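Each chain, letter by letter, is given below.
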Amino acid sequence: QVQLVESGGGLAQPGGSLRLSCAASGSIFSIYDMGWDRQAPGKQRERVATITSGGITNYADSVKGRFTISRDNAKNTVYLQMNSLKAGDTDVYYCYAERILIVSGETNGWGRGTQVTVSS
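Just so it is clear, the model here is predicted, and its values are computed rather than measured.

1. Here we look at the packing of aromatic side chains
The geometry of an aromatic ring pair comes down to the distance between the two centres and the angle between the two planes.
Step number 1: For the structure shown, the criterion picks out 1 aromatic pair.
Step number 2: Taking the centre distance of 5.4 Å and the plane angle of 40 degrees together, the rings of Tyr96 and Trp110 count as tilted. Taken as a pair, Tyr96 in strand S9 (residues 91-102) and Trp110 in strand S10 (residues 105-110) lie far apart in primary sequence, 14 residues in all.
Step number 3: Overall, Tyr96 belongs to the buried group, its relative accessible area being 0%.
Step number 4: A relative accessible area of 42% places Trp110 in the partly exposed class.
Step number 5: Lying over the aromatic face of Trp110, Arg45 brings its terminal NZ or CZ to 5.1 Å of the ring centre.

Written out as structure tokens, the structure is:
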């Protein structure tokens, strides 16, 4: 069993910053992709940022230059530093991990989500 647990969401003012963390736990040998999606009620899920185990990153155009994704492979943890936040960044943010290598093979995992609200 693999679990992903997010932390760090909350309320920020426009122009402010928040840092999200997501730790994967279980009998994990390695994880290829980790990243963050976001989704508001009634809206399509959007892929925000991705980082490979080798550190290659990719961002949605809507967050480029404002958000930074990073990870600690030894801790199976991924981070999302969000700066210059806008009201449009208000969403539930979900951590994911793909191609998680465990004893029985490969699997994928999702966190339960953390709410980010940007409001004055």
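2. Examining the state of the cysteines
Step number 1: Within this structure, the stated rule accounts for 1 disulfide.
Step number 2: With its sulfur 2.0 Å from that of its partner, Cys22 forms a disulfide with Cys95. Negative torsions about the S-S bond denote left-handed disulfides, and the value of about -75 degrees found for Cys22 with Cys95 makes this one left-handed. Remark: Cys95 occurs in strand S9 and Cys22 occurs in strand S3 (residues 18-25); sequence separation between them is 73 residues.
Step number 3: Judged by its relative accessible area of 0%, Cys22 is buried.

Analysis parameters
Residues numbered from 1 in each chain as written. Predicted model: local features only at pLDDT ≥ 70, side-chain atom pairs only at ≥ 80, totals over all residues. Heavy atoms only, no water. Phe/Tyr/Trp six-rings, centres within 6.5 Å; stacked < 30°, edge-to-face > 60°. Helix = DSSP H or I, 4+ residues; strand = E, 2+ residues; numbered from the N terminus. Buried < 20%, exposed > 50% of the residue type's maximum accessible area, 1.4 Å probe, protein only. Lys NZ or Arg CZ within 6 Å of the ring centre and 35° of its normal. Disulfide = S-S within 2.5 Å.

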